[in-house]
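Coordinate analysis (summary)
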Amino acid sequence: MKRRTVKVLLASVIMVTLFGGCKMNKVEPTEIKKTEVKNSNTGMYYIEGKEDFDKLTQILENRQGKIIIEVSNGTMTSDNGDGEDISGYYRKYDNTRFSKGDKIQSVFVYNPDNNYIDDILYRVDTLIK
């Protein structure tokens, strides 16, 4: 059941991302922007800096079965796929789909079955125009 829920949520996020229905607002530096589905065990978090990422790390380490979706941006910095996210951390991109200098939005769905911060079930990268 959890896998099906994750797949449905991921498909929804992809559709919104691809068709531009998502409006990203400026996040106050003191709180991470969070969109939570009512009566659900799901949370979506928009990362706009290192402070947001640090707060998300705390949430991931204590998610206890909750489905966490992270949305963040980054830039591909070399032709071999090396990149940097908005928080300044390293990120690897597909160098066959993207080029050096491209701005890329990444959506991550974390595994709800554990609290590891690097256990990502799904990842979708989209070029930002």
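Summary of the structure given here.

Structural notes on unusual backbone geometry
Although it is not a glycine, Gln 64 sits at a positive phi angle of roughly 45 degrees. Along the chain, the position of Gln 64 falls in the loop between helix H2 (50–61) and strand E3 (67–76). Using a relative accessible area of 67% as the deciding quantity, one classes Gln 64 as exposed.

Topic: the pattern of salt bridges
Per the counting criterion, the structure on display carries four salt bridges. Measuring nitrogen to oxygen at the nearest pair gives 3.6 Å for the salt bridge that ties Lys 55 to Glu 51. Of this pair, Lys 55 and Glu 51 are both found in helix H2, four residues apart, which corresponds to roughly one turn of the helix. With relative accessibility at 26%, the residue Lys 55 sits in the partly exposed group. As a salt-bridge pair, Asp 125 and Arg 123 come within 3.1 Å of each other at their nearest N and O atoms.

Quick notes on the packing of aromatic side chains
All told, the structure shown has two aromatic pairs when counted by the stated rule. For the ring pair Phe 53 and Tyr 89, a centre distance of 5.0 Å and an interplane angle of 45 degrees mean the geometry is tilted. Placement of Phe 53 in helix H2 and of Tyr 89 in the loop between strand E4 (82–85) and strand E5 (90–92) is noted, with a sequence separation of 36 residues between them. Here Tyr 93 and Phe 98 contribute two aromatic rings whose centre-to-centre distance is 6.3 Å and whose plane-to-plane angle is 75 degrees, an arrangement assigned as edge-to-face.

Regarding the pairing of E3
Counting buried positions over the 10 residues of E3 gives eight, a clear majority of the element. Bridge count for strand E2 (residues 42–47) against E3 is six bridges, and the pairing is parallel. Its bridge partner being in E3, Ile 47 is matched across the sheet by Ser 72. Chirality of the crossover, the property in question, places the unit of E2, H2 and E3 among those that are right-handed. In this sheet, strand E6 (residues 103–110) lies alongside E3 in antiparallel orientation, the contact comprising seven bridges. Of the residues in E6, the one forming a bridge with Gly 74 is Ile 104.

With respect to the pairing of E6
Taking burial as the measure, the eight residues of E6 include seven buried ones, the bulk of the element. Two strands pair when backbone bridges link them, and E6 and strand E7 (residues 120–127) are joined in this way by seven bridges, in the antiparallel orientation. Of the residues in E7, the one forming a bridge with Ile 104 is Leu 127.

A short note on the environment of Glu 70
Note that Glu 70 resides in strand E3. For the pair Glu 70 and Tyr 110, spaced 40 residues apart in sequence, the C-alpha separation works out to 8.1 Å. The residues contacting Glu 70, other than those within four sequence positions of it, are Tyr 45, Ile 47, Phe 53, Leu 56, Arg 91, Ser 106, Val 107, Phe 108 and Tyr 110. In this structure the side chain of Glu 70 is engaged in a polar contact, spanning 3.5 Å, whose partner is the side chain of Ser 72.

Calculation rules
Residues numbered from 1 in each chain as written. Predicted model: local features only at pLDDT ≥ 70, side-chain atom pairs only at ≥ 80, totals over all residues. Heavy atoms only, no water. Helix = DSSP H or I, 4+ residues; strand = E, 2+ residues; numbered from the N terminus. Buried < 20%, exposed > 50% of the residue type's maximum accessible area, 1.4 Å probe, protein only. Salt bridge = Lys/Arg side-chain N within 4 Å of Asp/Glu carboxyl O. Phe/Tyr/Trp six-rings, centres within 6.5 Å; stacked < 30°, edge-to-face > 60°. Pairing = 2+ DSSP bridges. Right-handed = clockwise from strand over helix to strand, strands pointing away. Contact = heavy atoms within 4.5 Å. Polar contact = N/O pair within 3.5 Å; in protein donor to acceptor, adjacent residues only side chain to side chain.

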